[in-house]
Amino acid sequence: MADKNEKKSEAKISREIIKASFSESFKNHKAAWIISAILVVIAVILFVGAEFVSSDKFAETAFDLVVPRQITTDENSDVQMTFYREDNPDYTGEKVVDSETLTSIYNFYYINAKGEKIPIQNGVYTYLGPSGETESMLVAIGFLYKGGERLELMQTVLNWIGWAVLAAVIIILIYVWYRKDKARQQAERKPRKRSH
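Residues numbered from 1 in each chain as written. Predicted model: local features only at pLDDT ≥ 70, side-chain atom pairs only at ≥ 80, totals over all residues. Heavy atoms only, no water.

### Quick notes on helix α5 (residues 139-189)
- In this model, α5 (51 residues) spans 75 Å end to end at C-alpha, consistent with the 75 Å of a helix rising 1.5 Å per residue.
- The set of residues buried in α5 consists of Val-139, Ala-140, Phe-143, Gly-147 and Asp-181. (Helix = DSSP H or I, 4+ residues; strand = E, 2+ residues; numbered from the N terminus. Expected span 1.5 Å × (residues − 1). Buried < 20%, exposed > 50% of the residue type's maximum accessible area, 1.4 Å probe, protein only.)

### Structural notes on the nonpolar core
- Phe-83, Phe-108, Ile-120, Tyr-125, Val-139 and Phe-143 are the most contacted members of the largest nonpolar core, which has 18 residues in total.
- For Val-139, the residues in contact, after removing those within four places along its chain, are Ile-71, Phe-83, Phe-108, Ile-120, Gly-123 and Tyr-125. (Core = buried A, V, L, I, M, F, W, Y, C linked by side-chain atoms within 4.5 Å. Contact = heavy atoms within 4.5 Å.)

### Examining the side chain of Arg-85
- By the element assignment, Arg-85 lies in strand β2 (residues 82-87).
- Classification of Arg-85 by relative accessible area gives buried; the value is 2%.
- Here Arg-85 is in contact with Phe-63, Asp-64, Val-67, Pro-68, Arg-69, Tyr-106, Asn-107, Phe-108, Tyr-109 and Phe-143, once residues within four sequence places are set aside.

### As for the sheet that holds strand β3 (residues 106-111)
- Across the sheet, which stays open at both edges, the four strands sit in the order β1-β2-β3-β4 with antiparallel pairing between neighbours. Each edge of the sheet is formed by a strand with only one pairing partner; in this case those strands are β1 (70-72) and β4 (117-120). Put simply, the sheet's adjacent strands are angled 30° from each other on average, direction ignored.
- Against the sheet, α5 touches β1, β2, β3 and β4, its axis set at about 100° to β1. (Pairing = 2+ DSSP bridges. Axes fitted to C-alpha atoms, helices over the stretch in contact; angles between N-to-C directions.)

### Side note on the packing of aromatic side chains
- Under the defined criterion, the tally for this structure stands at six aromatic pairs.
- Aromatic pair Phe-83 and Tyr-110: ring centres 6.4 Å apart, planes at 80°, arrangement edge-to-face. Here Tyr-110 lies in strand β3 and Phe-83 lies in strand β2, a separation of 27 residues in the sequence. Of the two residues examined, Phe-83 and Tyr-110, each falls in the buried class.
- Centroid distance Phe-108 to Phe-143: 5.3 Å. Interplanar angle 40°. Geometry classified as tilted. Of this pair, Phe-108 sits in strand β3 while Phe-143 sits in helix α5, and the two are 35 residues apart along the sequence. By the burial criterion, Phe-108 is buried, and Phe-143 matches it.
- By way of ring pairs, the aromatic residues Phe-83, Tyr-110, Tyr-125 and Tyr-127 are connected into one cluster.
- Residue placement shows Arg-85 over the ring face of Tyr-106; its charged tip is 4.7 Å from the ring centre. (Phe/Tyr/Trp six-rings, centres within 6.5 Å; stacked < 30°, edge-to-face > 60°. Lys NZ or Arg CZ within 6 Å of the ring centre and 35° of its normal.)

### Considering unusual backbone geometry
- Unlike most non-glycine residues, Asn-122 shows phi in positive territory, near 55°.
- Within the fold, Asn-122 resides in the loop between β4 and β5 (124-128).

### A few points about the pattern of salt bridges
- Applying the stated criterion across every chain, the model contains five salt bridges.
- With a closest N to O distance of 3.0 Å, Lys-117 and Glu-86 form a salt bridge. One end of the pair, Lys-117, is in strand β4; the other, Glu-86, is in strand β2, with 31 residues separating them in the sequence.
- On the basis of relative accessibility, which here comes to 23%, the residue Glu-86 falls in the partly exposed class.
- Lys-146 is the salt-bridge partner of Glu-149, the closest N and O atoms lying 3.8 Å from each other. With a gap of three residues between them, Glu-149 and Lys-146 both fall in helix α5, about one helical turn apart.
- On the accessibility criterion, Glu-149 (35% relative accessible area) is partly exposed.
- Among the charged side chains, a network of salt bridges with common partners joins Asp-181, Arg-184 and Glu-188. (Salt bridge = Lys/Arg side-chain N within 4 Å of Asp/Glu carboxyl O.)

### Quick notes on the pairing of β3
- Of the pairings in the sheet, the one linking β2 to β3 comprises five bridges and is antiparallel in character. Each residue of the ladder has a partner; that of Asp-87, found in β3, is Tyr-106.
- When β3 meets β4, the two strands line up antiparallel, connected through four bridges. What sits directly across from Tyr-109, in β4, is Pro-119.

Below is the structure:
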């Protein structure tokens, strides 16, 4: 019985020593602990983000976020129209968008003057040009082009955000260094008590 109480007291003493050690370490090295915690949080976010980005569901969601649901032809185009895309309810395959599956996964259409939804076969809209000849417009490619423009804008914004975060981290580190250095200098300046 005494052996059991002795082990409990040793465990209790060990806990108190560890607790005091962590407390003392945190008090003396607060900036290092905070920076370490921030780095751990960033590492976890990067790991979880990398796992999420590599999933098929992310690719599908990203495509839907980046590629618009509707596009309007340019002012210089022979035809002034708005085209739309929607999910193809008949498509049962894996929803990985590439050049071969784009027109299978999505239906492309426009709305005529009567308000009717007119499907565009294989993502290609055909019409009579100004010369009277049949011309075609690659509507599916137009959606990808607009998605590329959005992606470029998002990349620019993320680039600026990354530089801003980097600048903020550098400013914080300089501030922490300044405070630590100032505290060290003040500690050195304090007059020491003389013993008689």
